[in-house]
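Topology and contacts: notes
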Amino acid sequence: MTAADARTARPRRVTQQASFETGLDHARSYAAQHGHLAVPRSESHDSYQLGSWLADKRKRATYGRLPRNRADALNAIDPWWNPPWGLPWQAAYHAVKAENRSRTLNAAAGFPGLPPDATRWLLTQCINYDDLHSGQRQLLTHLGITSKDAHAARPQQETRRRPRAGASRPRPTTVSSSIDGGLPYARSYAHTHDGLGTAHYDTEHNGFPLGWWLYEQRKRANAHVRRTGQPWPHEHALAALDPWWNPPWRISWQHTYTALRSPLTEDQHPSTSQRRWLTTQQTNWHILHPDQRTLLTAISLNPTNERLSATHPK
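Residues numbered from 1 in each chain as written. Predicted model: local features only at pLDDT ≥ 70, side-chain atom pairs only at ≥ 80, totals over all residues. Heavy atoms only, no water.

Re the overall build of the chain
Applied cut-off: Under the scheme used here, helices are H or I runs from DSSP no shorter than 4 residues and strands are E runs no shorter than 2 residues, and both carry numbers assigned from the N terminus. The rule is simple: take the accessible area with a 1.4 Å probe, protein chains only, and divide by the maximum for that residue type; under 20% is buried, over 50% is exposed, in between is partly exposed. Where accessible areas are quoted, they stem from the Shrake-Rupley method and a 1.4 Å probe; at the residue level, only the protein chains shown are allowed to cover.
A tally of helices and strands in the chain yields 15 helices and two strands. Taken over 314 residues, the chain has a buried fraction of 41%. Summing over all exposed atoms, the chain offers an accessible surface of approximately 18,100 Å²; the carbon and sulfur share of this is 50%.

Have a look at this one:
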């Protein structure tokens, strides 16, 4: 480089401030159209990569590298442009807000009038209301959901038929099947019934379709194990309530066993069908799962004892 070159040199890149101002203009334009800055990373606005630009600013803000004046400029557009609870929740909130269109929400009736996805999301927020960030509660208040509404929320009783041929059992359309959506109900049921073994497919608990929810969790747990060979990440949460919530044998066996356990331990007489089931277990003892044998032994049943004869009424 010579002195002449130095005198004629010009910067090739846009300054950082000019680049920020360009992104800020697009952010203002986007917020004017949508009312927020919960922009996914992949989204563009007027051919500008606004999502990736905002993602970079959130990352810088998180690590304290975004200048205060730039953070203030974004806060002036949307106070929750960088929410502490993560962008997916914020995006879902605005999607539900757009669906609601300022209508009065009826939490106790399960939010009728909203699409199933919006209803499931709102029910999940109500179930987990006490664990939400104060800012999240504030935003829910803007939708018309107070603490009282959240604790009064119940799923709708509407059902639909499964689309698969031969599967005729109804399932809820507006209830969250997420682990967080049903876990509080599972805890309450397990505390009341000493486990989850008596929760059949159509069992409801406090208005929540717990049996259907457990069926969904078993499907997910088994699919995860088949796909990865690793335990399901939420296995411990349900196993803590009932170690046999998802046994390696048919769940119907567990239902029958659990229904029998209390009468037998209290020296009550089982019904004829229950005695028949006990006889079958003794006959098939050699092909039972080792843990099934352990459970039967816990109620004093084994292939050689006189337990069955003792249970017949005199």
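A look at the packing of aromatic side chains
Quick reminder of the rule: Ring geometry is summarised as follows: Phe, Tyr and Trp rings, the Trp one being its six-membered ring, pair when their centres sit within 6.5 Å, and such pairs are stacked at plane angles under 30 degrees, edge-to-face over 60 and tilted between the two.
All told, the structure shown has twelve aromatic pairs when counted by the stated rule. Seen from their ring centres, Trp-89 and Tyr-93 are 5.7 Å apart, and the 5 degrees between their planes marks the pair as stacked. Of this pair, Trp-89 and Tyr-93 both sit in helix α5 (residues 87-100), separated by four residues, roughly a single helical turn. Trp-89 sits in the buried class, given a relative accessible area of 10%.

Concerning empty space enclosed by the protein
Put simply, the rule is: Note on definitions: the grid is 1 Å and covers protein atoms alone; a cavity is a set of points where a 1.4 Å probe fits but cannot get out; a pocket is an open set with protein on both sides within 12 Å along at least five of seven lines; lining residues have an atom within 4 Å of a point. Grid points are joined across faces, edges and corners, and a volume is the space filled by probe spheres set on the points.
According to the stated counting rule, one finds one cavity of 30 Å³ or more in the structure shown. Approximately 30 Å³ is the volume attributed to the largest cavity. Lining the largest cavity are Leu-123, Cys-126, Ile-127, Ala-153, Pro-155, Tyr-185 and Phe-208. Element by element, the count of residues in the lining of the largest cavity is highest for helix α6 (residues 116-127), at three residues.

Side note on α6
So the rule is basically this: A helix's residues, less one, multiplied by 1.5 Å, set its expected span. The contact rule is simple, with two residues in contact once any of their heavy atoms fall within 4.5 Å.
Taking 1.5 Å per residue, twelve residues should reach 16 Å; α6 reaches 16 Å between its end C-alpha atoms and fits that length. Listed in full, the buried residues belonging to α6 are Ala-118, Thr-119, Trp-121, Leu-122, Leu-123, Thr-124, Gln-125 and Cys-126. In this structure, the buried residues of α6 make contact with α5, α7 (134-143), α8 (147-152) and α9 (179-193).

Regarding the confidence of the model for the chain
The condition that has to hold: Values of pLDDT, the confidence the predictor places in each residue, fall between 0 and 100.
Here the chain averages 86 in pLDDT, while 89% of its residues score no lower than 70. Within the chain, strand β1 (residues 159-161) has the poorest average pLDDT of any element, 47, and helix α4 (residues 68-77) the best, 96.

Details of the packing of helix α2 (residues 16-34) against α4
Our working definition: Structural elements are reduced to axes, namely lines fitted to C-alpha atoms, with helices fitted over the stretch in contact, and the angle between N-to-C directions of any two is expressed from 0 to 180 degrees. Reported orientations rely on four angle classes, namely roughly parallel under 35 degrees, roughly antiparallel over 145, roughly perpendicular from 65 to 115, and oblique for the rest. Residues are grouped as follows: Ala, Val, Leu, Ile, Met, Phe, Trp, Tyr, Cys and Pro are nonpolar; Asp, Glu, Lys and Arg are charged; every other residue, Gly included, is polar.
The contact between α2 and α4 brings their axes to 10 Å, and the two run at 10 degrees. In terms of orientation, α2 lies roughly parallel with respect to α4. From α2, Gln-16, Gln-17, Phe-20, Leu-24, Ala-27, Arg-28 and Ala-31 reach across to α4, where they touch Arg-70, Ala-73, Leu-74 and Ile-77. Residues belonging to the contact of α2 with α4 are distributed by class as follows: seven nonpolar, two polar and two charged.

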